[in-house]
Amino acid sequence: MKTWLRDLPKVELHLHIEGSLEPELMFSLAARNGVSLPYATVDEVREAYDFSDLQSFLDLYYQGMRVLCTEQDFYDLAMAYLEQAHAEGVVHVELSFDPQAHLNRGVELAVPFEGLNRARRQAEREWGMTSALIMSFLRDRDAAEAMAVLEKAAPYYETIDAVGLDSAEVGNPPTKFSAVFERAKALGIPRVAHAGEEGPAAYIREALDELDVCRIDHGVACLQDAALVERLRQMQMPLTVCPLSNVRLKVVAEMTDHPLPQMLEQGLKVTLNSDDPAYFGGGVLENYLACAQAFAWDRETFKQLAGNAIDVAFMPDARRAALLTRLDAC
Ligand code: HPA
Ligand SMILES: [Zn+2]
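Residues numbered from 1 in each chain as written. Chains lettered and ligands numbered in written order. Predicted model: local features only at pLDDT ≥ 70, side-chain atom pairs only at ≥ 80, totals over all residues.

Student: What am I meant to see in the site of ligand 1 here?
Tutor: As a matter of local geometry, ligand 1 sits amid His16, Gly19, Leu54, Tyr61, Asp166, Ser167, His194, Glu197, Ser245, Asp275 and Asp276. In the shell around ligand 1, the residues fall into 2 nonpolar, 5 polar and 4 charged. (Near = placed C-beta within 6 Å. Nonpolar A, V, L, I, M, F, W, Y, C, P; charged D, E, K, R; others polar.)

Written out as structure tokens, the structure is:
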């Protein structure tokens with residue numbers, strides 16, 4: 001099953017590129033940029049990754065990304081991730097990034113855009129690996145700041161496939177960003193949002209009603225609300241579920257308690273993703289393998305999950321058709 005899952009053409013829809021920063025690269029970028037870290041060794045870094053909830057992770061995630069200063073740093077970060085994903089049989093990746101987390105420490109918007117886009121072009125040239133870019137807003141900061149970033153990103157709209165919404169969920173409901181998402185819609189930019197990770201099912205409803213999103217990141221809390229589940233099922237709204245993330249952030253106690261089997265049973269359009277692979281125990285393949293171990297799913301189930309991601313990815317129709325044909329042959 002392991003080799004078969006590795007060779008399955010997998011699409012990653014929910015990946016924070018800053019969350020792919022492995023401790024080794026963190027140290028080398030810290031040295032290159034003269035940034036001091038509160039750790040002596042990579043083992044110390046890994047030992048610190050013992051999270052009690054989303055906020056305890058976010059604190060280390062924002063701390064770690066301080067080593068990302070130049071266009072080359074973002075290029076190196078993305079290349080390392082894309083190379084690893086390629087080795088795991090990932091054929092298309094949608095990278096989210098958090099421009100405000102960089103702007104607020106003096107790293108201009110052009111820096112992540114140029115570095116990430118250069119890596120994306122190289123991955124496509126070298127491995128035929130396609131990608132999309134999602135510019136995420138930090139929901140624990142004010143909406144005016146997000147709006148200013150959206151306007152400032154105008155030179156890069158051509159390279160943005162969607163805007164997203166992430167960071168600390170509880171207390172920062174989707175409605176806080178209604179005007180920002182309305183502006184993105186007016187600009188013709190698709191919209192996605194984290195909802196129902198730690199927050200309630202009501203936030204998923206709000207993301208649909210107020211932000212007009214085309215997919216929900218996480219969404220596991222939908223099971224608290226049967227009418228919402230029915231709505232998501234009827235719409236076939238994509239849910240980018242991240243099982244290892246949910247275990248590490250204590251959204252669920254362990255893999256065998258994860259609601260993925262119920263979500264599939266209810267006919268929801270579920271996909272499997274890694275979220276922050278350097279912090280949560282691995283990439284897309286590790287997430288597939290963890291599900292194989294916890295749920296003993298058959299090949300058809302994994303093909304359905306991989307197919308769901310291909311169905312809803314931001315990619316040209318010809319690429320989608322080619323990947324579905326490849327998947328069919330597995
Ligand atoms: O798992 C996450 N949830 C919310 N915001 C995030 N930003 C990076 N990772 C995450
Ligand atoms: Zn996420």
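Student: Got a minute to help me understand the pairing of strand β8 (residues 269–272) in this structure?
Tutor: Each regular strand shows side chains that alternate between the opposite faces of the sheet. What you see with β8 is no split at all: Lys269 and Thr271 on one side and Val270 and Leu272 on the other are buried throughout. Pairing of strand β7 (residues 238–241) with β8 involves 4 bridges; the strand directions are parallel. Opposite Val241, over in β8, you have Leu272 as the bridge partner. (Buried ≥ 20, exposed ≤ 12 C-beta atoms within 10 Å, placed from the backbone. Helix = DSSP H or I, 4+ residues; strand = E, 2+ residues; numbered from the N terminus. Pairing = 2+ DSSP bridges.)

Student: I keep staring at the sheet that holds strand β1 (residues 10–16) and nothing clicks. Help me out?
Tutor: In a beta sheet, neighbouring strands pair by backbone hydrogen bonds and run either parallel or antiparallel. The strand order β1-β2-β3-β4 describes an open sheet built from 4 strands, whose pairing is parallel. Strand pairing shows two members of the sheet lacking a second neighbour, β1 and β4 (162–166), which therefore form its edges. For this sheet, the mean angle separating the axes of adjacent strands, direction not counted, is 30 degrees. As paired elements, strand β2 (residues 90–97) and strand β3 (residues 130–138) share 6 bridges and run parallel to each other. From the neighbouring strand, Ser96 faces β3, where its bridge partner is Ile134. (Axes fitted to C-alpha atoms, helices over the stretch in contact; angles between N-to-C directions.)

Student: Looking at this model, I keep getting lost on the UniProt feature "active site" (unreviewed entry) in the protein. Mind explaining?
Tutor: What UniProt calls "active site" (unreviewed entry) maps, in this numbering, to Glu197. The class of Glu197 is buried, set by 24 C-beta atoms lying within 10 Å. Discounting chain neighbours no more than four positions away, the residues touching Glu197 are Leu54, Glu169, His218, Val220 and Val251. (UniProt positions renumbered as here; feature names shortened; annotations may be inferred. Contact = placed C-beta atoms within 7 Å.)

Student: When you look at the UniProt feature "binding site: Zn(2+)" (unreviewed entry) in the protein in this model, what are you seeing that I'm missing?
Tutor: Under the local residue numbering, the UniProt record ascribes the feature "binding site: Zn(2+)" (unreviewed entry) to His14, His16, His194 and Asp275. Spatial clustering of the annotated residues is evident: they stretch over 262 residues in sequence, but the largest pairwise C-alpha distance comes to 11.7 Å. You can see His16 is positioned in strand β1. Of the residues examined, His16 has 27 C-beta atoms within 10 Å and is grouped as buried. Contact partners of His16, with chain neighbours within four places excluded, come to Ser96, Asp166, Asp275 and Asp276. Residues within four places of His194 in sequence aside, it is in contact with Leu165, Asp166, Glu169, Asp217 and His218.

Student: It is not clear to me how the packing of helix α8 (residues 143–152) against helix α9 (residues 178–186) should be interpreted in this structure. Could you clarify?
Tutor: For any two helices packed against each other, the geometry is given by the interaxial angle and the distance between the axes. At their nearest, the axes of α8 and α9 sit 9 Å apart, and the two run at 15 degrees to each other. Comparing the axis directions of α8 and α9 gives the class roughly parallel. Once α8 is placed against α9, the crossing between them reads as right-handed. Contacts between α8 and α9 involve Ala143, Ala146, Met147 and Leu150 from the former and Ala179, Val180, Arg183 and Ala184 from the latter. Of the residues contributing to the contact of α8 with α9, the split by class is 7 nonpolar, no polar and 1 charged. (Parallel < 35°, antiparallel > 145°, perpendicular 65-115°, else oblique. Left-handed = near helix turned anticlockwise from the far one by under 90°.)

Student: Even after reading the chapter, I still don't get the sheet that holds β8, so can you show me in this structure?
Tutor: If you walk across this open sheet you meet the 4 strands as β5-β6-β7-β8, and the pairing is parallel. The open sheet is flanked by β5 (192–195) and β8, the only strands paired with a single partner. Neighbour-to-neighbour, the strand axes of this sheet turn through a mean angle of 30 degrees, independent of strand direction. The sheet contacts of helix α10 (residues 201–211) involve β5 and β6 (215–218), and relative to β5 the element is tilted by about 160 degrees.

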